[in-house]
Amino acid sequence: MGRAFVYVIVGGGVVAGYAAHEFVKRGVSHGELCIISEESVAPYERPALSKGYLLPEDPARLPSFHCCVGSNEEKLTPKWYKEHGIELILGTQVKSADVRRNTLLTATGETISYKILIVATGARPLKLEEFGVSGSDAGNVCYLRDLADADRLVNVMQSCSGGNAVVIGGGYIGMECAASLVINKLNTTMVFPEAHCMARLFTPKIASYYEEFYKSKGVKFIKGTALTSFDFNTDGKVTAVNLRDGNKLPADMVVVGIGIRPNTSLFEGQLTLEKNGIKVNGRMQSSNSSIYAVGDVAAFPVKIFGETRRLEHVDCARKSARHAVAAIMEPEKTGEFDYLPFFYSRVFTLSWQFYGDNIGEVFHFGDFSGKTFGAYWIHNGHLVGSFLEGGTKEQYEAIAQATRLKPAIEDLTELKRQGLGFALSV
Ligand code: FAD
Ligand code: NAD
């Protein structure tokens, strides 16, 4: 026995919220759309979990950050889904998919069939065990992907105020959590294998600015090494982190952010995969024409770069979700997704935005000892990427617009001289 829907979204994260909003805007009928989510709450803005959610004073809590408040649009509470006749099946994992029969089997034993499926299963954190280190299950080792993880992190953090926290990984989770940990009065040390933080995006010069700022807030950095093992007490809690360079760091808690893997397992062997994700075309349609994939799980053609990429950022999840729904409901009016990659972060009083691609030669501009600075990436004679810290709304819009236009850069000295002014003049 089971239920049948015209549209089913598997996964209840950012994509699901924005897709549902777009379905309603385009006139989905009551009873046509269903969302199945392993999480027990309606779709929410995941970025809040490493920012406002972790603050000691007046922390963000649901329902304040349900989708789509992140884009200054209406807040989709469970009541909203009900009023629009959208079935929210929460706390329910999909165990298997049969793409030839157009069915999903849930952990509760229900078979749900669809005409069109949107795969929005996001990603899972990589575990230390995948790097040969055991201890992820210890009571004071935290990962951060969903609300349950965030609640656990808050509890552990509160239970060791004034103690030592070790953050493993120098990427987004590491940087944002380290900021929250010191704000919560933990002595915080970051450990990562690269020469500087945010190695996937930052130049050494940009990274140095953030590292110095973090140090001024009390964060310590141990770079160019990795953890090899933990020491445990008799309760099974971690008491120290052992590093490859021979150092031992005392630890009351550990936060791990060492990257993610897209949740593709339901469809392996059934859909074409690429770059660890589900390969889709410019309409977000997979190798099976009834199945679309969106957000962290999708590898899609990024037109502006002329290649297929998988992006792990919220703006992409929101926009690709809306595009997929447009392609499903109004196929003749919907072209190829034409997306300019956009990443951002906010920590302490800092805030940066990046647009485009970080390949080619880099030119820094602005005042690296002050509040506003940035960088341009020039590849094959064209501007392909722009970074700005501490900009105004207009300045961020200008770097986004300039990057989208990919202007030819004939005079590099002039670009350097103009700095941010170049983007404002394009
Ligand atoms: P998700 O939002 O992860 O949703 C996936 C959903 O699928 C989840 O509800 C999951 O439980 C469900 N699911 C998975 N498998 C199954 C299954 N088998 N059955 C049922 N349900 C299933 N990006 C930015 O650009 N800026 C930020 O500041 C930022 N901050 C972030 C902070 C944190 C803590 C995290 C974890 C990510 C952050 N990101 C940020 C990234 C951004 O949140 C993701 O890119 C975005 O959430 C991707 O949306 P999604 O819908 O593809 O996946
Ligand atoms: P990440 O890819 O940003 O960074 C992973 C970090 O772990 C890197 O510094 C990497 O070198 C390090 N690392 C890898 N193996 C290691 C090892 N064995 N020991 C120590 N360090 C190791 O991934 P993340 O920080 O885990 O973030 C997870 C996801 O959440 C990403 O998709 C990210 O985009 C998303 N996120 C985004 C934002 C944002 O955009 N502002 C904020 C939070 C999370």
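Residues numbered from 1 in each chain as written. Chains lettered and ligands numbered in written order. Predicted model: local features only at pLDDT ≥ 70, side-chain atom pairs only at ≥ 80, totals over all residues. Heavy atoms only, no water.

Chemist: Describe the side chain of E389, naming the residues involved and giving the relevant values.
Modeler: You can see E389 is positioned in strand 26 (residues 382-389). Although buried, E389 forms no salt bridge, and the nearest oppositely charged side chain, K371, lies 9.2 Å from it. Side-chain polar atoms of E389 contact the side chain of Y210, separated by 2.5 Å. With residues near it in sequence (within four places) discarded, E389 still touches Y210, L350, S351, W352, K371, T372, F373 and Y396. (Helix = DSSP H or I, 4+ residues; strand = E, 2+ residues; numbered from the N terminus. Buried < 20%, exposed > 50% of the residue type's maximum accessible area, 1.4 Å probe, protein only. Lys, Arg positive; Asp, Glu negative; His and termini not counted. Salt bridge = Lys/Arg side-chain N within 4 Å of Asp/Glu carboxyl O. Polar contact = N/O pair within 3.5 Å; in protein donor to acceptor, adjacent residues only side chain to side chain. Contact = heavy atoms within 4.5 Å.)

Chemist: Go over the site of ligand 2 with me, naming the residues and quoting the values.
Modeler: In the vicinity of ligand 2 there are 19 residues, among which I173, E194, G259, E312 and Y344 approach most closely. In this structure, G171 approaches ligand 2 through a main-chain N or O atom, which is 3.2 Å from an oxygen atom. G257 has a polar backbone atom sitting 3.2 Å from an oxygen atom of ligand 2. Secondary structure elements with two or more residues in the shell around ligand 2: helix 4 (172-183) and strand 22 (342-347). Residue contributions to the shell around ligand 2 peak at three residues, all from helix 4. Split by residue class, the shell around ligand 2 holds eight nonpolar, seven polar and four charged. (Near = heavy atom within 4 Å. Nonpolar A, V, L, I, M, F, W, Y, C, P; charged D, E, K, R; others polar.)

Chemist: An account of the packing of aromatic side chains is needed here, citing residue identities and associated values.
Modeler: Following the criterion strictly, the structure yields 28 aromatic pairs and no others. Against the face of Y143 rests K127, its NZ or CZ located 5.1 Å from the ring centre. The ring centre of F368 lies 4.5 Å from the NZ or CZ of K205, which sits over that ring. (Phe/Tyr/Trp six-rings, centres within 6.5 Å; stacked < 30°, edge-to-face > 60°. Lys NZ or Arg CZ within 6 Å of the ring centre and 35° of its normal.)

Chemist: Residue-level account of the pattern of salt bridges, with values.
Modeler: Scanning the model with the defined rule gives 27 salt bridges in all. Measuring nitrogen to oxygen at the nearest pair gives 2.7 Å for the salt bridge that ties R26 to E22. R26 sits in the partly exposed class, given a relative accessible area of 31%. For the salt bridge of R417 with E414, the shortest nitrogen-to-oxygen distance reads 2.8 Å.

Chemist: Quick rundown of helix 5 (residues 204-216)? Include the residues and the values.
Modeler: Along its 13 residues, helix 5 runs 18 Å from first to last C-alpha, staying within 8% of the 18 Å computed at 1.5 Å per residue. The complete set of buried residues in helix 5 reads I206, A207, Y209, Y210, E211, F213 and Y214. (Expected span 1.5 Å × (residues − 1).)

Chemist: A description of the state of the cysteines should follow, citing residues and the corresponding values.
Modeler: All chains considered together, the criterion is met by zero disulfides. Free of any disulfide, C142 has its nearest neighbouring cysteine sulfur in C160, separated by 8.1 Å. With a relative accessible area of 9%, C160 lands in the buried category. (Disulfide = S-S within 2.5 Å.)

Chemist: Can you lay out the sheet that holds strand 26 for me, pointing to particular residues and giving the numbers?
Modeler: Pairing is antiparallel in the open sheet, where five strands are placed in the order 22-23-26-25-24. Strands at the two margins of the open sheet, each flanked by one partner only, are strand 22 and strand 24 (361-366). The sheet shows a mean angle of 15 degrees between the axes of neighbouring strands, direction not considered. Relative to strand 26, helix 7 (residues 393-405) is tilted by about 165 degrees, and along the sheet it contacts strand 23 (350-356) and strand 26. (Pairing = 2+ DSSP bridges. Axes fitted to C-alpha atoms, helices over the stretch in contact; angles between N-to-C directions.)

Chemist: Talk me through the site of ligand 1; I want residue IDs and the actual numbers.
Modeler: By nearness alone, 32 residues border ligand 1, and E39, R46, K51, R145 and D296 come closest of all. Between ligand 1 and the protein, one listed contact pairs a nitrogen atom with a side-chain N or O atom of Y344 at 3.5 Å. Considered on its own, ligand 1 offers 1,000 Å² of accessible surface; in the complex 93% of this is hidden by protein. When its residues are assigned to classes, the shell around ligand 1 shows 13 nonpolar, 12 polar and seven charged. (Areas by Shrake-Rupley, 256 points an atom, 1.4 Å probe, with all protein chains shown as cover.)

Chemist: Describe the pairing of strand 2 (residues 33-36), listing the residues and the values that go with them.
Modeler: Side-chain alternation along strand 2 places L33 and I35 on one buried face and C34 and I36 on a second face that is also buried. Here strand 1 (residues 2-10) runs beside strand 2; their pairing, made up of four bridges, is parallel. Across the sheet, I9 pairs through a bridge with I35, a residue of strand 2. Traced from strand 1 through helix 1 (residues 14-25) to strand 2, the parallel crossover comes out right-handed. Here strand 2 pairs with strand 3 (residues 87-89) via three bridges, running parallel. Opposite I35, over in strand 3, you have L88 as the bridge partner. Handedness of the crossover joining strand 2 and strand 3 through helix 2 (residues 78-83) is recorded here as right-handed. (Right-handed = clockwise from strand over helix to strand, strands pointing away.)

Chemist: Could you give an account of helix 3 (residues 147-159), with specific residues and numbers?
Modeler: For helix 3, with 13 residues, the first-to-last C-alpha span of 18 Å sits near the 18 Å given by 1.5 Å per residue. For helix 3, the full list of buried residues reads L147, A150, L153, V154, V156 and M157.

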